[in-house]
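Close look at the chain arrangement
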Amino acid sequence: MTYCVAMKLKDGLIFASDTRTNGGIDHISTYRKLFYFKNEDREIVIQSAGSLATTQSVIAKINQNIKDNTDNNILKIPTLFEISQIVGTILRETIIESKSELIDTSTLSCSLLLGGYIANNEPELYNIYSEGNFIIANEETPYFQIGENKYGKPIIDRIVNYTTDLENALKCTMISFDSTIMSNLSVGLPIDLVVMNRKENKTTQIRVAKDNEFLLKIRKAWGQLIKENFDKVPPFPLS
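Source: prediction; values computed, not measured.

Here the focus is the environment of F236. Structurally, F236 can be placed in the segment after α5 (213–232). By relative accessible area, which is 69% here, F236 ends up exposed. Put simply, F236 and Y151 are 85 residues apart on the chain and 24 Å apart in space, counted from C-alpha to C-alpha.

Moving on to the sheet that holds strand β5 (residues 34–39). One open sheet accounts for five strands, arranged β5-β6-β7-β8-β9; its pairing is antiparallel. Lying at the two open borders of the sheet, with one neighbouring strand each, are β5 and β9 (134–136). Strand-to-strand twist in this sheet, taken as the mean axis angle between neighbours without regard to direction, amounts to 15°. Bridge analysis of strand β8 (residues 124–128) against β9 gives three bridges, and the strand direction is antiparallel. When the sheet's bridge partners are listed, I128 is paired in β9 with F134. Sitting on the sheet, helix α2 (residues 80–98) touches β6 (42–50), β7 (110–118), β8 and β9, and the angle it makes with β7 is about 160°.

On the basis of which strands lie adjacent, the open sheet formed by five strands has the order β10-β1-β2-β11-β12 and antiparallel pairing. Looking at which strands have only one partner, the edges of the open sheet turn out to be β10 (143–147) and β12 (202–208). Direction aside, neighbouring strands of the sheet carry axes that sit 5° apart on average. With six bridges joining them, strand β1 (residues 3–9) and strand β2 (residues 12–17) adopt antiparallel strand pairing. In the strand pairing of β2, M7 is matched with I14.

A few words on the layout of surface pockets. In this structure, the largest pocket encloses a volume near 300 Å³. Lining the largest pocket are 15 residues; nearest its centre among them are L170, L193, V195, T204 and I206. At the level of secondary structure, the elements contributing two or more residues to the lining of the largest pocket comprise α4 (166–183), β11 (191–197) and β12. Residues of the lining of the largest pocket, tallied by class, amount to nine nonpolar, three polar and three charged.

Across all of its chains, the model carries ten salt bridges by this definition. Salt-bridge contacts for R42 lead to D41; the nearest nitrogen and oxygen are separated by 3.0 Å. In this structure, K61 and E97 form a salt bridge, with 2.9 Å as the shortest nitrogen-oxygen distance. Taken together, the residues K61 in helix α1 (residues 52–68) and E97 in helix α2 connect sequence positions 36 residues apart. Bridged by salt links that share partners, the residues R32, D192 and R207 form one connected network.

Parameters and conventions
- Residues numbered from 1 in each chain as written.
- Predicted model: local features only at pLDDT ≥ 70, side-chain atom pairs only at ≥ 80, totals over all residues.
- Heavy atoms only, no water.
- Helix = DSSP H or I, 4+ residues; strand = E, 2+ residues; numbered from the N terminus.
- Buried < 20%, exposed > 50% of the residue type's maximum accessible area, 1.4 Å probe, protein only.
- Pairing = 2+ DSSP bridges.
- Axes fitted to C-alpha atoms, helices over the stretch in contact; angles between N-to-C directions.
- Contact = heavy atoms within 4.5 Å.
- 1 Å grid on protein atoms, 1.4 Å probe; cavity = no way out; pocket = protein on both sides within 12 Å on 5 of 7 lines; lining within 4 Å.
- Points joined across faces, edges and corners; volume = space filled by probe spheres on them.
- Nonpolar A, V, L, I, M, F, W, Y, C, P; charged D, E, K, R; others polar.
- Salt bridge = Lys/Arg side-chain N within 4 Å of Asp/Glu carboxyl O.

Next comes the structure, spelled out in structure tokens:
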């Protein structure tokens with residue numbers, strides 16, 4: 001399993017993905033699930049949750065199209081909408097090609113988040129399903145989560161909206177990941193992070209390891225605050 005978060009906010013975009021893959025309690029590995037593509041006029045991030053074999057095949061085909069400079073090259077297609085259509089088609093076709101009498105499509109399922117910007121156009125964010133269709137983020141729904149999202153969802157739902165600044169949104173994202181990691185062994189460090197600050201025209205890429213100072217501070221502070229505020233909640237009346 002995995003956990004991925006992507007946000008499209010007023011000041012830019014945030015992408016975060018864990019790196020743990022789990023083939024059983026005795027087969028835990030680390031694989032990248034966040035992929036970054038860039039040229040002179042665009043920056044694009046693709047995140048994945050689901051079948052690792054499907055993900056690797058889809059990313060390999062995307063990279064091959066870039067290398068061969070085909071019509072499906074995501075670094076030359078003019079809009080992110082069209083890129084999402086292309087990536088959705090690649091995903092759907094990959095699942096169909098891999099299906100057999102022994103492997104059904106549910107085993108091969110995969111979800112993708114795709115976001116970024118092209119030239120001076122407004123940044124966009126898409127959630128692409130295994131069937132190849134997708135939805136787009138907007139001001140009412142400015143973030144997507146895929147994978148093991150139930151533990152980290154409440155904090156984001158309560159805090160983040162379209163106008164949330166990148167600093168607070170990033171803090172909320174890290175708390176969301178820490179909560180998920182604490183409750184689910186199938187999600188784990190390191191966390192791959194990309195922040196596109198469109199206000200400052202600056203992109204930052206970070207891999208957050210277990211000894212990251214900011215993560216350790218958040219883990220300690222958040223845990224302490226939860227306990228302190230829990231004690232302030234009045235008891236449930238039993239009579």
